[in-house]
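Structural features, examined
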Amino acid sequence: MKNSVMPQILGKLFTYGVMVFTIAVSTFPILWIMMSSFKTNKEILGNPFSLPQTLSFQPYIDVFQNYNFLIYFKNSIWIAGLATLIGLFIYSLAGYVFGKFDFRGKNLIYALCTITLLVPGHAKAQPIFSIIMKLGLYDTKTGLILVYSSFGLAIALFILRATFMTIPKDLDEAALIDGASFWRTFWNINLPLAKSGIATAGILMFLGSWNEYFYALILTTSSKNRTLPVALQFFDEAFSYNYTNMFAAITMVVLPGIIIYLIVQEQVQASVASSGVKG
């Protein structure tokens, strides 16, 4: 009896140990940055792992007042948010069609759409830059919104197709018998049932756009269109050795993504579980 119980206990200890180690490695850098944003330079350099002696929000106030942080924050919210909404609208329709309808060339078209996930982002820089220049959208928020909307094609379509496939086709057939149109069947019946997949695709698209640096750098030049990831590069130069303000700025860049995920984490987990079962 003891011989059979001991391997189970050791297995559980090993599993929990791996989980604790993974959580610690993942969360410690973020917690350390947040904690350091309330410490002085002397505290950070003298004892970087100690708790702050005082709790002052002055570094956050300084970042907003002296470094145009609010402008960059609004730009990132507007660009990432609108790109996500546009992408979700288009890709949810595409995912519904791929998941519920059969037509010639369906698998080939779907493969061509999702295979873009394997193409490195920087490999598309030249054609994207040329298209944006020809459209007259260089150094504009509209140009970045269009580019970011296209980036979610592969992953969003993969998630949403799997989500719509889990919704019974009997509902569509019943709606068709009742005389419901394509749009009404999609909008009133399927879309509410696919909220978990939409939340998952939405948060991945938003975070991808929110944290994107390369295209924001090459497609914008003026500070009025600059996003937070690009602004952080200039913050490093402006803050010089003011680590407190630098950590405060990094904290405000990281927090929105964490808050959004916490809000929709239940839908994300449900979508991952349903996609795994269906796949």
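Residues numbered from 1 in each chain as written. Predicted model: local features only at pLDDT ≥ 70, side-chain atom pairs only at ≥ 80, totals over all residues. Heavy atoms only, no water.

**Let's talk about the overall build of the protein**
Scanning the protein for helices and strands turns up 14 helices and zero strands. Ordering the α and β elements of the protein from the N terminus gives α-α-α-α-α-α-α-α-α-α-α-α-α-α. Considering only C-alpha atoms, the protein reaches an extent of 75 × 70 × 35 Å along its principal axes. For the protein, the computed accessible surface area is about 16,400 Å², with 69% contributed by carbon and sulfur atoms. Between the mean site of the 18 positive side-chain charges and the mean site of the 12 negative ones, the protein shows a separation of 4 Å. (Helix = DSSP H or I, 4+ residues; strand = E, 2+ residues; numbered from the N terminus. Areas by Shrake-Rupley, 256 points an atom, 1.4 Å probe, with all protein chains shown as cover. Lys, Arg positive; Asp, Glu negative; His and termini not counted. Charge placed at Lys NZ, Arg CZ, Asp CG, Glu CD.)

**Here's the deal with the confidence of the model for the protein**
Looking at the protein, pLDDT values average 84 and 92% of them are 70 or higher. Element-level mean pLDDT values for the protein span from 74 in helix 14 (residues 243-278) up to 93 in helix 7 (residues 141-151). (pLDDT = per-residue confidence, 0-100.)

**Points about the nonpolar core**
Note on soluble globular proteins: their nonpolar side chains tend to be buried together. V63, F69, W210, L228, F235, A249 and V253 are the most contacted members of the largest nonpolar core, which has 16 residues in total. Among the secondary structure elements, those contributing two or more residues to this core are helix 3 (58-66), helix 4 (69-100), helix 11 (195-211), helix 13 (228-239) and helix 14. Among all residues touching V253, those that are not within four sequence positions of it are F69, W210, L228 and L232. (Core = buried A, V, L, I, M, F, W, Y, C linked by side-chain atoms within 4.5 Å. Buried < 20%, exposed > 50% of the residue type's maximum accessible area, 1.4 Å probe, protein only. Contact = heavy atoms within 4.5 Å.)

**A closer look at empty space enclosed by the protein**
Overall, the coordinates contain one cavity of 30 Å³ or more when judged by the stated rule. There is about 40 Å³ of room inside the largest cavity. In this structure, the largest cavity is lined by S76, I79, A80, Y148, S209, W210, E212, T227 and P229. Among the elements that take part in the lining of the largest cavity, helix 4 stands out by supplying three residues, more than any other. Grouping the constituent residues of the lining of the largest cavity by class yields five nonpolar, three polar and one charged. (1 Å grid on protein atoms, 1.4 Å probe; cavity = no way out; pocket = protein on both sides within 12 Å on 5 of 7 lines; lining within 4 Å. Points joined across faces, edges and corners; volume = space filled by probe spheres on them. Nonpolar A, V, L, I, M, F, W, Y, C, P; charged D, E, K, R; others polar.)

**Describing the environment of L55**
Its place among the elements puts L55 in the loop between helix 2 (41-46) and helix 3. Remark: the alpha-carbon pair of L55 and I250, spanning 195 residues in sequence, is separated by 17 Å.

**A word on the layout of surface pockets**
Volume-wise, the largest pocket comes out at about 430 Å³. K124, Y148, S150, F151 and G152 are, among the 18 residues lining the largest pocket, the residues nearest its centre. Taken together, the elements giving at least two residues each to the lining of the largest pocket come down to helix 7, helix 8 (153-165) and helix 11. Here the lining of the largest pocket takes four residues from helix 11, the largest share from any one element. Per-class residue counts for the lining of the largest pocket are 10 nonpolar, six polar and two charged. For the second largest pocket, the full set of lining residues is Y96, K100, F101, K169, D172, E173, L176, A180, F182 and T185. The set of elements that each furnish at least two residues to the lining of the second largest pocket consists of helix 4, helix 9 (169-177) and helix 10 (182-193).

**Focus: the packing of aromatic side chains**
Under the definition given, this model contains 24 aromatic pairs. Centroid distance F129 to Y138: 5.8 Å. Interplanar angle 75°. Geometry classified as edge-to-face. By relative accessible area, which is 29% here, Y138 ends up partly exposed. Among the aromatic side chains, those forming a connected cluster through ring pairs are F89, Y96, F101, F164, F182, W183, F186 and W187. If you follow R161 out to its NZ or CZ, it ends over the ring of Y110, 4.4 Å from the centre. (Phe/Tyr/Trp six-rings, centres within 6.5 Å; stacked < 30°, edge-to-face > 60°. Lys NZ or Arg CZ within 6 Å of the ring centre and 35° of its normal.)

**Some details on helix 10**
The α-helix winds at 3.6 residues per turn, so residues separated by three or four positions along the chain end up facing the same way. Spanning 12 residues, helix 10 covers 16 Å between terminal C-alpha atoms, matching the ideal 16 Å at 1.5 Å per step. The set of residues buried in helix 10 consists of T185, F186, N190 and L191. Each buried residue of helix 10 lies within a common arc of 140° when the element is viewed along its axis, so the set occupies one face. Those residues of helix 10 that are buried lie in contact with helix 4, helix 8, helix 9 and helix 11. (Expected span 1.5 Å × (residues − 1). Arc of directions from axis to C-beta.)

**Thoughts on the environment of N225**
Assignment of secondary structure puts N225 in the loop between helix 12 (214-218) and helix 13. Sequence spacing of N225 and Y60 is 165 residues, and the spatial spacing of their C-alpha atoms is 22 Å. A polar contact of 3.0 Å, which involves the side chain of N225, links it to the side chain of K141. (Polar contact = N/O pair within 3.5 Å; in protein donor to acceptor, adjacent residues only side chain to side chain.)

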